[in-house]
Amino acid sequence: WKDEIVFVPLQDVLRLEAKSGYTHIYAKDGRKYISAKGLTEYEDLLPSSLFFRVHHSHIINLNHVKKYHKGRGGMIEMCDNAMIEVASRRKDEFLGMYGLKF
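Residues numbered from 1 in each chain as written. Predicted model: local features only at pLDDT ≥ 70, side-chain atom pairs only at ≥ 80, totals over all residues. Heavy atoms only, no water.

Another point: a nonpolar patch on the surface. Side chains of M97, Y98 and L100 sit close together on the surface and give an oily, nonpolar patch of about 260 Å² of accessible area. Note that L100 resides in the segment after α2 (91-96). With a relative accessible area of 38%, L100 lands in the partly exposed category. (Patch = residues over 30% accessible without salt bridge, like charges linked within 9 Å, V, L, I, M, F, W, Y side chains within 5 Å. Areas by Shrake-Rupley, 256 points an atom, 1.4 Å probe, with all protein chains shown as cover. Salt bridge = Lys/Arg side-chain N within 4 Å of Asp/Glu carboxyl O. Helix = DSSP H or I, 4+ residues; strand = E, 2+ residues; numbered from the N terminus. Buried < 20%, exposed > 50% of the residue type's maximum accessible area, 1.4 Å probe, protein only.)

For the rest of this paragraph, the subject is the pairing of strand β1 (residues 13-19). Counting buried positions along β1 gives five out of seven residues, so the element sits mostly inside the fold. Relative to strand β2 (residues 22-27), β1 runs antiparallel, the two being bridged by six bridges. Looking across to β2, one finds that A18 is bridged to T23. What sits between β1 and β2 in their antiparallel hairpin is a turn of two residues, with S20 showing a positive phi close to 50°. As paired elements, β1 and strand β5 (residues 58-61) share three bridges and run antiparallel to each other. Considered in β5, the bridge of L16 is made with I59. (Pairing = 2+ DSSP bridges.)

Look at S20: it is not a glycine, yet its phi comes out positive at around 50°. Along the polypeptide, S20 turns up in the loop between β1 and β2. Even without a glycine there, the phi angle at N81 is positive, about 75°.

What follows concerns the sheet that holds β2. To summarise the sheet geometry, strands pair through backbone hydrogen bonds and adopt either a parallel or an antiparallel arrangement. Spatially, the five strands line up as an open sheet ordered β3-β2-β1-β5-β4, and their pairing is antiparallel. Across the chains shown, the open sheet's two edge strands, defined by having one partner strand only, are β3 (32-35) and β4 (51-55). Taking each pair of neighbouring strands and ignoring which way they run, the sheet shows an average axis angle of 20°. Sheet analysis places β2 next to β3, joined by four bridges and oriented antiparallel. Across the sheet, T23 pairs through a bridge with S35, a residue of β3. (Axes fitted to C-alpha atoms, helices over the stretch in contact; angles between N-to-C directions.)

On to the packing of aromatic side chains. Geometrically, a pair of aromatic rings is defined through the distance of the ring centres and the angle of the planes. Within this structure, the stated rule accounts for three aromatic pairs. Arranged with centres 6.0 Å apart and planes meeting at 40°, the rings of Y68 and F94 form a pair that is tilted. Taken together, the residues Y68 in strand β6 (residues 65-69) and F94 in helix α2 connect sequence positions 26 residues apart. Among the residues examined, F94 registers a relative accessible area of 2% and is labelled buried. (Phe/Tyr/Trp six-rings, centres within 6.5 Å; stacked < 30°, edge-to-face > 60°.)

As structure tokens, then:
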């Protein structure tokens, strides 16, 4: 671990993932950052107009969603081709952000 703080512009953050007590932050340039802060802390900090918690372990940047694959909760394909599961209880709210209903 380096003793540094990296500032990543919000528009460059693709997604955040909770893993083993840490938050993994994926950037548009392909870099991945690891933070000791929990996902809930980021959920409280990030603007809800840009970021959405689709699952207990994932927050996504709504501007980097490529596709939505239908299913019980469905899957989101991000612009980096990552496939993110949508919790069934979050599906309607997520689709509603795009003016969609299924």
